[in-house]
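# Structural characterization, general
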Amino acid sequence: QVHLVESGGGLVQPGGSLRLSCAASGSIFSIHVMGWYRQAPGKQRELVALVRDIGDTSYADSVKGRFTISRDTAKNTVYLQMNSLKPEDTAVYSCNVKSRKTRFDSITDYWGRGTQVTVSS
């Protein structure tokens, strides 16, 4: 089992910044993808950003140029730096990790419990 601990959410004014962190621990042989998803009330969950084991990243069009995802491989931790926040960024942000428990296991999805980000004046 893999445990994900998220932190960094909160209330911020439009134009402000927040940094989310997600630390993975437990039965981890290798991590292939770490990412952040979000879900706003009444909307479907959407990908915000992800970083793959080879280091390349992907972003939702709505956050490009404002959000930056990074990863500390030694700490099995992924960060999401969110700048120039807008009210429409308000959502529950959840960490996702795709990892193997051993070299012989298939890749499994793990999810954090989510952290609330509210952008409001």
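Since we're looking at a predicted model, the values are computed, not measured.

We now examine the sheet that holds strand β8 (residues 77-82). A sheet is described by the order of its strands in space; here four strands give the open sequence β1-β3-β8-β7, paired in antiparallel fashion. Only two strands of the sheet have a single partner each, and these edge strands are β1 (2-7) and β7 (67-72). Across the sheet, the axes of successive neighbouring strands diverge by a mean angle of 15 degrees, strand direction being ignored. With six bridges connecting them, β1 and strand β3 (residues 18-26) associate as antiparallel partners. Its bridge partner lying in β3, Leu4 is registered against Ala24.

With that out of the way, let us pick up the packing of aromatic side chains. One pass over the full model with this rule turns up one aromatic pair. Their ring planes at 65 degrees and their centres at 5.0 Å tell us that Tyr37 and Trp111 sit as a pair that is edge-to-face. With Tyr37 in strand β4 (residues 30-39) and Trp111 in strand β10 (residues 108-111), this residue pair connects regions lying 74 residues apart in the sequence. Residue classification places Tyr37 among the buried positions, given a relative accessible area of 17%. One Lys or Arg, Arg19, reaches over the ring of Tyr79 and ends 4.1 Å from the middle of that ring. Positioned over the ring face of Trp111 is Arg45, at 3.8 Å from the centre of the ring.

Calculation notes
- Residues numbered from 1 in each chain as written.
- Predicted model: local features only at pLDDT ≥ 70, side-chain atom pairs only at ≥ 80, totals over all residues.
- Heavy atoms only, no water.
- Pairing = 2+ DSSP bridges.
- Helix = DSSP H or I, 4+ residues; strand = E, 2+ residues; numbered from the N terminus.
- Axes fitted to C-alpha atoms, helices over the stretch in contact; angles between N-to-C directions.
- Phe/Tyr/Trp six-rings, centres within 6.5 Å; stacked < 30°, edge-to-face > 60°.
- Buried < 20%, exposed > 50% of the residue type's maximum accessible area, 1.4 Å probe, protein only.
- Lys NZ or Arg CZ within 6 Å of the ring centre and 35° of its normal.

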